Amino acid sequence: MKRSKKEIGKKVGTPPGTLIYTGDKREEFEITAIDYNASGYRKIKVKDIDECASFKDPSTVTWIDVVGLHRVDAVEKIGKIYNLHPLVLEDILNIHQRSKIEYFEDYIFIVLKMLNYDDKSHEIESEQVSMVLGDSFVFTFRERKLDIFDPIRERIENDKGAIRKRGADYLLHALIDIIVDHYYIILEKLGEEIEGLESEVITNPSQDTVQAIHKFKSNLINMRRSAWPLREVLSQLSKGDSHLITEALIYFRDVYDHTIQAIDTVEMFRDMTSSLLDIYLSSISNKTNEIMKVLTIIATIFIPLTLIAGIYGMNFKYMPELEWRYGYPMVLIAMLVIGIGMVVYFKRKKWM
Amino acid sequence: MKRSKKEIGKKVGTPPGTLIYTGDKREEFEITAIDYNASGYRKIKVKDIDECASFKDPSTVTWIDVVGLHRVDAVEKIGKIYNLHPLVLEDILNIHQRSKIEYFEDYIFIVLKMLNYDDKSHEIESEQVSMVLGDSFVFTFRERKLDIFDPIRERIENDKGAIRKRGADYLLHALIDIIVDHYYIILEKLGEEIEGLESEVITNPSQDTVQAIHKFKSNLINMRRSAWPLREVLSQLSKGDSHLITEALIYFRDVYDHTIQAIDTVEMFRDMTSSLLDIYLSSISNKTNEIMKVLTIIATIFIPLTLIAGIYGMNFKYMPELEWRYGYPMVLIAMLVIGIGMVVYFKRKKWM
Amino acid sequence: MKRSKKEIGKKVGTPPGTLIYTGDKREEFEITAIDYNASGYRKIKVKDIDECASFKDPSTVTWIDVVGLHRVDAVEKIGKIYNLHPLVLEDILNIHQRSKIEYFEDYIFIVLKMLNYDDKSHEIESEQVSMVLGDSFVFTFRERKLDIFDPIRERIENDKGAIRKRGADYLLHALIDIIVDHYYIILEKLGEEIEGLESEVITNPSQDTVQAIHKFKSNLINMRRSAWPLREVLSQLSKGDSHLITEALIYFRDVYDHTIQAIDTVEMFRDMTSSLLDIYLSSISNKTNEIMKVLTIIATIFIPLTLIAGIYGMNFKYMPELEWRYGYPMVLIAMLVIGIGMVVYFKRKKWM
Amino acid sequence: MKRSKKEIGKKVGTPPGTLIYTGDKREEFEITAIDYNASGYRKIKVKDIDECASFKDPSTVTWIDVVGLHRVDAVEKIGKIYNLHPLVLEDILNIHQRSKIEYFEDYIFIVLKMLNYDDKSHEIESEQVSMVLGDSFVFTFRERKLDIFDPIRERIENDKGAIRKRGADYLLHALIDIIVDHYYIILEKLGEEIEGLESEVITNPSQDTVQAIHKFKSNLINMRRSAWPLREVLSQLSKGDSHLITEALIYFRDVYDHTIQAIDTVEMFRDMTSSLLDIYLSSISNKTNEIMKVLTIIATIFIPLTLIAGIYGMNFKYMPELEWRYGYPMVLIAMLVIGIGMVVYFKRKKWM
Amino acid sequence: MKRSKKEIGKKVGTPPGTLIYTGDKREEFEITAIDYNASGYRKIKVKDIDECASFKDPSTVTWIDVVGLHRVDAVEKIGKIYNLHPLVLEDILNIHQRSKIEYFEDYIFIVLKMLNYDDKSHEIESEQVSMVLGDSFVFTFRERKLDIFDPIRERIENDKGAIRKRGADYLLHALIDIIVDHYYIILEKLGEEIEGLESEVITNPSQDTVQAIHKFKSNLINMRRSAWPLREVLSQLSKGDSHLITEALIYFRDVYDHTIQAIDTVEMFRDMTSSLLDIYLSSISNKTNEIMKVLTIIATIFIPLTLIAGIYGMNFKYMPELEWRYGYPMVLIAMLVIGIGMVVYFKRKKWM
C-alpha cells in the first residue's frame, strides 16, 4: 500500500525529457547482454556501456538487461547509442508509470508492472519493467536484480522451445509471458486468502477480520490497477499493427487471453469480497441479539420474584401471610412456579 | 468453489506450446469415432490413434470424441495427424481456460465450459470441453466420460432431425446446444434455491441463511463467469465469419438467443439476491427490537414496585403507615394500580 | 414470480425445430381471421386450418389470430401453408422466449411479452405473443383468449383512424402499440404501490413492509427484463431495415419513444426503491433507540432509590437515622429530590 | 412527485394521431405572434387562428407562442395551416412526453421539459414545452402562461444582442437557452438543500432528516430524468445535421456544454447524497451506544451495592456484623469504596 | 465545497456573447507579455492593451498572461485585436465552465481547472485557466496572480529544455503540464489523508471520523469532476487534429498519460473509501456488543443473588433457616458459589 501511495509522486515543473530517477537509491547495477541466433549463444556482463554498440548486428538477436535505474548516466548513454527518444528515457527512469505501449518508427516501447506478493505484510508490491523492442534487440530496464527472467535465460542457453531460432519479438513475448505468469501466482495467494477470510468471517469473526477484509480489498484494488492497463498493452500487441511483431503475433494473443482470464478472476474476487463485510455485520448483529435474549430472560424471570421477596420483607404490622404456618414455603413454591412458568413460556416463544 | 480457485493455476515459465495436462490424474481414456453421412453410419472405438487418419475422407462427417486428457501423447498424435497448431493442443490440455473461439485457416478451435450442479455440496462444477471444427470433422476433447453427448449420438444413430444429412457445422451446433441446455438445468436449480432462500429469510432467518445466501452468490458469480465468455463465443459463431459454418448459421443464432436469455436470468437472480441480506439484517433488527421492548416493559413495571416494597421494608422507628390496619392491603392495591396503569400506558403507546 | 422461474425451463437435448409446446395445457383454441381493405371487411372463425390458405390474396390485409398453442398440429399446418421456418414455429410454441425480432426473406418474426398485473397477488404476469408480418398478412399467436386485441378489432370494423386504408405493417404497429400501452398500465399500478410503500415505511414500518418492498423489487426486475428486449425489438423496427415496413415506419418510431419512456420510469422506480429499505432500517434503529432511552431513564432513576431503601432496610443494631423522629419522611424527601434531580438532568441532556 | 407518477399515464388503445390533451383542464388560452426582421418588429395577440397563415412570409422571422393546450381545436388548426404531421400534434397535446427531437422535411419538432422548483413543497415541477422550428418561424406550445419567455420578448423588442438580425434558428436557441438556464436555478436550490442536509445530518439528525434525504433523492431522480434526454436533444441540435440550423450552430454547442455541466452537477449531488443516509445511521448507532454505556455504568455500580444492602437486610438470627458498634458506617464506607472503585475502573477503560 | 456549489451559478436570460465576469471582484490586474525565439527573449508588463497588437509578429512566440478577469474591458479589447469569437470571450469571463477544448479556424480555445488544496479547510479549490493557442501566440487568462506559471517563465528565461527553440504549441504543452502536475500534488495530499483515515477508523473511530470520511468523499467527487473533462481535453489535443499542434504532439500524449494515471488514482481512492464507513459501523457495532456483554454479565450474576438476599429478608414468622446457627455464613457461601459458578459458565461460553 505505502508504495502505491508514493507512486502518485511526480516531478513538478521540470521540462519533459529531463532524466530523473524517481525510485529509491539502490546499490545494484548490472548490465547483462545475451546475444544469440540459431547457431550460437553469447552472454556478456557489460562493463563499459559503449560495448553495447557492438550488439547492433541484425543477424543475431540481442537482449540487454539493465538492472539499477539510479545510474541515470548509463540509461542516457544507451539511449544515445540506440537512438531512443528522450521521453522514452524519462519514462524508463520514472518508475511510477502506468503500463503502456508506445510505437516509434524503429522500436516499440513498453512499460509493465511486475507484481510480487510479500508474504509477511500480505501486500502486493509492484516493480516497473520497461522494455524496448527493436528490429533485432530487446532492452529490459528494471530497478532490482530479481530472478524473474532466469527461466528465459535458461531457455536461451538450452534453446528450449527453439527460442534461439526465432526473432526478437518472440523473446519479447517470452519476457512478457513470464510477467503475466506472476500475476497468476498472486491470484493464487489471493484465492487462498479469500477462502480463509470466508471461513473466518463465519466461524470466528472479530475486528481483525474486518481489517483483513479491508486489506484484501486494497490488494484487489492494486491488482486491478495493474491488470487493466496490462490488458490494454497486450490487446495492442496482439493486434499486430507493428512491422516489428510478425511470427510471435499468435503467441501474444495467447498471453492476451491469459490477461483477460486474470482480470476475470480479479473481478470474481471483488464480487465475492463485497458480501464478506455484510456477513460480518450480520454475525455481530446476531451475537448482540443472543446476548440481549439472555439478559432479558434473566431480568424477566428474577425481577418479579425479587418484588415478591420485597413485599414480604415489608414491615407492616398487619400482614396475615407472615403469621401463617406455611407462609414461607408457600411463597417459595409460588416463586418456583412463576419461575418455571416463565421458562416454559420462553421455550414456547423459542427464546431459549 | 474450490475448483474455481484452483482454476487460477497456470504453468509458470514454460515455453508456449509445451503440452502439459493441468487437471487431476484420471483413469478413463477413450476415443470414439463416429463417421456418417446421409446414407450410412459407423461407430468405432479407436484403439490405435493412427486409425484417426483414416477418417479424413471429406465425403463423410466424422466426430472424434476424446475422453481423458491425461494421455498427453494421444492428444499430441491427433494434433499431428490433423495438423493442429501447438498452442491449440496446449489449450486443450490446460483445462483452466476461459471459453473462447479461435479461427485458423482450416479449422475453428472452441473452448467451452460444461456446467454441472452438485446436489450434495450445492456447488457448480465446471468441466472444460474443447472442440475443433474442420471441413468434415468435429473433435471434442474432455476430461471425464459423462453422458452429456449421448443424446447427440442417438440422434445420429436414428438420424433424428435429419442430422445425418447435414454437415459438420450442424454437428458442432448440436454439441454446443446441449452444453447450453445444461446451463438451463442449473438455472432451474438456482431458481428453486433462491425461492427457498426468499421464504427462509422471511420466515426463519438464521446465521445459516446468511451462509446459504453467500454460497448462492458465489455460485451466481461462477455461473456468470462461465456464461459471459460463452455468449462471446456464440456471438462470434452466429456472425458467420467463417467459411466452415454455412447452413448451420441460423441454428447458431438460435443458441445465441438461448445464451442471452440464460445471462438475463443470471442477472435477474443477482438483482434478487442483492436484497436478501438486507432483509435478513432488517429481520434481525426487528427481533432485537422486540426483545428490547419486553425487557423495557418488564423493567419499567417492576422496578418502581420493587422500590415501594423496599421503602416499606425500611426499619425506621416512626413509619406511621406500618401501623395502619389496612396499610398492607393498601400498598398491594397501590402496586396493582401502578402496574395496571403502566400496562395501559404501554398499550396506548402501542408497545405491547 | 413463480412464473418467471419456470420460464427458465427449456427442452434439453431435442433437435432444433422439434415442435413442443412448453406452456400449461389449456382448453381454449380459436383461430380468427380478419380480412380487410379500404373498401371492405370480413371476420371469419376458422374451423379448418386449410381455409387459411385462402387469405393469401395480397390485395387484402389479413390478420390471423391464433389462440391456444397446445394445438401444435394447427401451428404446424399454418407454418406449412405460409412457409414459415421450423425454428420460427418452435419459437412460437416455446413460450419462454426472450422478446426478439428476426428477419426472414418474406416475413418478419417477432416475439413479445404481454404484461398483466394481478391485483390479488400483486405480481406481474407475462404472456408471450408471437407475431409474423408478411407482405399482406399478420399472424398473432398466443396462449390465452384475453381481450387485449379487441380495440384493434373494433378499429378495423369501424375503420377508425383509417386503419383499413393502410397496410399490414400499420396493423402490426397497432398490435404492438396496444401491448406497449399495457406496460403503462402496469407502471401506473407500480407507481401507486411505490407511493404507498413510501408512506408506509415512514409512518408505520413493519416486517411486512420489508416483504412488500422485496416483492416490489422483484416486480421491477421482472418488468425490466421484459422492457429492455422490447426496446431492442422496437429499435430494430423503427430503423426501417425491412422492405415489409414502409409507411408505418414513423409510427414505430413513436412506439419506440413510448418504450424508452417506460424504461425511464422503471429505472426511476428502481432508484426510488433503493433507499426504501435504508429508511426502514433507520426507522427501526430509531425505535430501538427510543426504547433504550426509556429503559435507561427508568433504571437510572429507580435503581439508586432502591439502594437507599435497601440501606435503611438493613438490620444493624446501631443505625442512628432509624431512631430519628423524622428519619422516614426525610428519606422520602431525599428520594424525591434525587428522582426529580435526575429527571431535570435528563431533560437538560435532551434525553426526555 | 405526484406529478411524475401521473406522467406515466397514456391513452390506451386509441389510434395514433388521435388528438387528446392529457393535462389538467385550465382556463388560460392565448396565442401571441411576434413577427420581426432586422428593420422592424410586430407583436400581435392572435384571436382568429386563421390569422396565423399570414405570418408565413419567409422574409420575417415569426414566433408564435401558444399557451393553453386544452384548446385541442386551436392546435389542430395551426397544424393544418403549417402542415404539421398528426403525430407531432398528438405529441404536443400529450404533455407526458420524454424530451426529444424529430426531424421532418420542412421543420424540426422538439419537446422539452421546463423545470420549476416549488419552494413550499420542495418539489420539482416540470412543464412540457413543445417547439417547432421552420424555415422562418418558431412555434412554442405550452400549458401555462408563465413568464419564462419574457426576457426573449424583451430582447426582440430592444434588439438586444442583435437578435433581430438573425434567423429563426437563433430564436430557437434563445428559447432553449432560457429553459436550460432554469435548470441551473434549480441546481442552485438543490445545492443549498444538500448543504443544509449535510449539516443537519451531523448536528441534529432525526427521522425527519431521513425523509428530507429521501425527498431530495427523489428530486434528483426527477432532475436526471429530465436532464439526460435534454442532453440528447442538444447533442443532436449541435451536430448540425439539419439545413434549418445554420448560423446558430455554434450557439447550440454552447448550450450543449451548459447541459453537460448541469448533468455533471446532478451526478455530483447524487454521489454526495449517497453517503448521507450512512452518516445518519452511524450517528444513530453512536447515540444508542452512548445510552447503552450510561445504562451499563448505572447498573454495574448500583446492583452490587443493592446486593450488599439486601444481605444486611436478611433476618438471620446469628449475623455478627449486625451487632457491631460500627457495622453500619463500615458498610456505608464499603459501599462508597466499591462505587468509587468502579467509577475509577470505568474512567480507566474510557467508558465515562 | 462552497465554491463548487456556487459554481452552478450562471447568468439567466442574457443573450450569448454578453461579457459578464461571474467571479468575485478582485484587485489584481496585470498583463505580462513574454516574447521569444531561439535567439532572444523579451518580457513586458503591458500597460496599454493596444500594445498587444505589436506581438502579432509570427517570427517570435508570444505568451500573454492576463491576470484579473474583472477587467472585462481589457479582455474584450484583446478579443478584438486577436479576433476572438464573442462566445470565447464570454467563456473566459464565466469562470464556472467545465474544462473543454474548442477548435476555431485560427486558434484553439481551452478551458482548464487549476486545482489547489487548502491545508486549513482540507478542501480542494479550483481556479479556471483559459488558454488560447494561435499560430505563434498563447494567451492565458486567470483570476488570481498565483505563481503556478513561474517555472515556465524561468525555463523560457534560461532556455531550459530548449523551450525557446520550439513553437507556441510546445509552450501550451508546458503550461498544461504544470497544471496537471498540480493534480498530482493534490493526489499526494489525499493519499496521506486516506492513510490517516484508515488508521483512525480502526484505532480510534468517532463521529468526527465519519465527518472526515464524508469530507474526503466530497473532495474526491470534486476531483473527479475536474479530472474527467481534463482527460477529454488532453485526449483531443493528443489526437493531433489541428494544424496548430505539430512537433509538441508527442508531449501532449505524455501529458495525456499522466492524466489517465491521475484518474486511475482518484478511482482507486474512491474504491478504498467506500469500505471505510462500513468499517466504522462494524467497529461501533462491536463496541455496543462489548458493552452489552458487560451489562448482561453483571445483571446475570447479581440479580439472582439479590433475590436470595431478598428471600431471607422476608418477615415470615416461621422461617427455619433464620434460626440456624450457621444460616448466615451458609447463605453467603451459597451466594459465592452461585456467583463463581456463573463466572465459570460465562468463561466457558467465551463471554468474558
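Calculation criteria
- Residues numbered from 1 in each chain as written.
- Chains lettered and ligands numbered in written order.
- Predicted model: local features only at pLDDT ≥ 70, side-chain atom pairs only at ≥ 80, totals over all residues.
- Heavy atoms only, no water.
- UniProt positions renumbered as here; feature names shortened; annotations may be inferred.
- Helix = DSSP H or I, 4+ residues; strand = E, 2+ residues; numbered from the N terminus.
- Rg over C-alpha atoms; globule rule 2.2 N^0.38 Å.
- Buried < 20%, exposed > 50% of the residue type's maximum accessible area, 1.4 Å probe, protein only.
- Contact = heavy atoms within 4.5 Å.
- Areas by Shrake-Rupley, 256 points an atom, 1.4 Å probe, with all protein chains shown as cover.
- Lys, Arg positive; Asp, Glu negative; His and termini not counted.
- Charge placed at Lys NZ, Arg CZ, Asp CG, Glu CD.
- Core = buried A, V, L, I, M, F, W, Y, C linked by side-chain atoms within 4.5 Å.
- Polar contact = N/O pair within 3.5 Å; in protein donor to acceptor, adjacent residues only side chain to side chain.
- pLDDT = per-residue confidence, 0-100.
- Buried area = accessible area lost by both parts, 1.4 Å probe.
- Salt bridge = Lys/Arg side-chain N within 4 Å of Asp/Glu carboxyl O.
- 1 Å grid on protein atoms, 1.4 Å probe; cavity = no way out; pocket = protein on both sides within 12 Å on 5 of 7 lines; lining within 4 Å.
- Points joined across faces, edges and corners; volume = space filled by probe spheres on them.
- Nonpolar A, V, L, I, M, F, W, Y, C, P; charged D, E, K, R; others polar.
- Pairing = 2+ DSSP bridges.
- Axes fitted to C-alpha atoms, helices over the stretch in contact; angles between N-to-C directions.
- Domains from an automatic or database assignment.

Chain A is annotated in an unreviewed UniProt entry as Magnesium transport protein CorA from Acetomicrobium mobile. On record in UniProt, under Function (unreviewed entry), the comment for chain A is "Mediates influx of magnesium ions."

J.: So what's going on with the overall build of chain A? Which residues, and what values?
T.: The helix and strand tally for chain A stands at ten helices and seven strands. In terms of C-alpha radius of gyration, chain A reaches 35 Å, well past the compact-globule figure of 20 Å for 352 residues. Each principal axis of the C-alpha distribution contributes one length, and for chain A these read about 120 × 45 × 30 Å. The proportion of buried residues among the 352 residues of chain A is 62%. Restricting to contacts in chain A with at least 6 residues of sequence separation, those with at least 24 account for 68%. Per element, the accessible surface of chain A, about 13700 Å² overall, is 53% carbon and sulfur. Taking the average place of the 46 positive charges on the side chains of chain A and the average place of its 52 negative ones, the gap between the two points comes to 6 Å.

J.: Summarise the nonpolar core; cite the residues concerned and give the values.
T.: Counting residues in hydrophobic clusters, the biggest one holds 355 residues, and the most contacted among them are I176(A), I176(B), I176(C), I176(D) and I176(E). Excluding anything up to four places from it in sequence, I176(E) contacts I110(E), L112(E), M131(E), L234(E), L237(E), F252(E) and V255(E). Counting residues in each nonpolar core, the second largest holds 120 residues, with M292(C), Y312(C), M335(D) and L307(E) among its members.

J.: Got a sec to walk through the side chain of T140(B)? Specific residues and values, please.
T.: Residue and element names in this part refer to chain B. The residue T140 is located in strand β7 (residues 137-142) in this model. Polar contacts involving the side chain of T140 include one to the side chain of W63, which spans 3.0 Å. Each residue touching T140, except ones within four places of it in the same chain, is listed here: W63, I64, D65, V66, S130, M131, F149 and L175.

J.: So what's going on with the confidence of the model for chain A? Which residues, and what values?
T.: Residues and elements named next belong to chain A. Looking at chain A as a whole, its pLDDT mean stands at 86, while 96% of the residues score no less than 70. When the elements of chain A are averaged for pLDDT, helix α1 (residues 2-6) gives the smallest value, 41, and strand β7 (residues 137-142) the largest, 94. With pLDDT under 50 throughout, residues 1-7 is counted as low confidence; its partners more than four residues away or in other chains account for 21 contacts. As a predicted assembly, this complex carries a pTM of 0.81 together with an ipTM value of 0.75.

J.: So what about the arrangement of the chains? Which residues, and what values?
T.: Between chain A and chain C there is no contact, and the shortest C-alpha to C-alpha separation is 9 Å. Structurally, chain C and chain E remain out of contact, their C-alpha atoms never closer than 9 Å.

J.: Quick one: what's the story with the interface of chain C and chain B, residue by residue and with numbers?
T.: In this assembly, 65 residues from chain C lie in contact with 61 residues from chain B. Interface of chain C and chain B: buried area, both sides summed, is about 5600 Å²; carbon and sulfur atoms make up 67% of it. Counting the contacts that link chain C with chain B gives five salt bridges. For K100(C), the salt bridge is made with D257(B), and the minimal N-O distance between the two is 2.9 Å. At the boundary of chain C with chain B, the tally comes to 17 residue pairs in polar contact (both at pLDDT 80 or more). Put simply, the parts of the chain that give the side of chain C that touches chain B at least two residues each are α1 (2-6), α3 (86-93), β4 (100-103), α6 (207-237), α8 (276-311), α9 (320-323) and α10 (327-348) of chain C. No other element matches the 15 residues that α8(C) contributes to the side of chain C that touches chain B.

J.: How would you summarise the layout of surface pockets if you had to cite specific residues and measurements?
T.: Considering only enclosed or pocket space, the second largest pocket measures out at about 960 Å³ in volume. As for the second largest pocket, its lining consists of 42 residues, of which T306(A), T306(B), T306(C), T306(D) and T306(E) are closest to the centre. For the lining of the second largest pocket, the secondary structure elements donating two or more residues are α8 (276-311) of chain A, α8 (276-311) of chain B, α8 of chain C, α8 (276-311) of chain D together with α8 (276-311) of chain E. Take the lining of the second largest pocket: its biggest share by element is seven residues, from α8(C).

J.: Got a sec to walk through the interface of chain E and chain A? Specific residues and values, please.
T.: Interfaces are frequently sized by the accessible area removed from exposure as the parts join. In this complex, chain E contributes 63 residues to the contact, which on the side of chain A involves 66 residues. Summing the contributions of chain E and of chain A, the shared interface buries around 5600 Å²; its carbon and sulfur component is 67%. Area buried by chain E at its contact with chain A is led by L307(E), F316(E) and Y318(E), which between them contribute 12% of it. The tally of links between chain E and chain A comes to five salt bridges. Along the contact surface separating chain E from chain A lie 17 residue pairs in polar contact (both at pLDDT 80 or more). Looking at the side of chain E that touches chain A, the elements with two or more residues in it are α4 (150-158), α5 (168-203), α7 (249-274), α8 and α9 (320-323) of chain E. Looking at the side of chain E that touches chain A element by element, the count peaks at 21 residues for α8(E). Of the residues in the side of chain E that touches chain A, the class split is 31 nonpolar, 18 polar and 14 charged.

J.: How would you sum up the sheet that holds strand β5 (residues 108-118) of chain D? Please name residues and give values.
T.: Residue and element names in this part refer to chain D. With mixed pairing, the seven strands of this open sheet are ordered in space as β2-β1-β3-β7-β6-β5-β4. In the strand order of this sheet, the two ends are held by β2 (40-46) and β4 (100-103), each with one partner. Between one strand axis and the next, the sheet turns through 15 degrees on average, direction left out of account. In this sheet, strand β6 (residues 123-133) lies alongside β5 in antiparallel orientation, the contact comprising eleven bridges. Opposite M114, over in β6, you have E127 as the bridge partner.

J.: Residues and numbers for the domain arrangement of chain A, please.
T.: For chain A, the domain assignment lists domain 1 (2-282) and domain 2 (289-348). A straight line from the C-alpha centre of domain 1 of chain A to that of domain 2 of chain A covers 75 Å.

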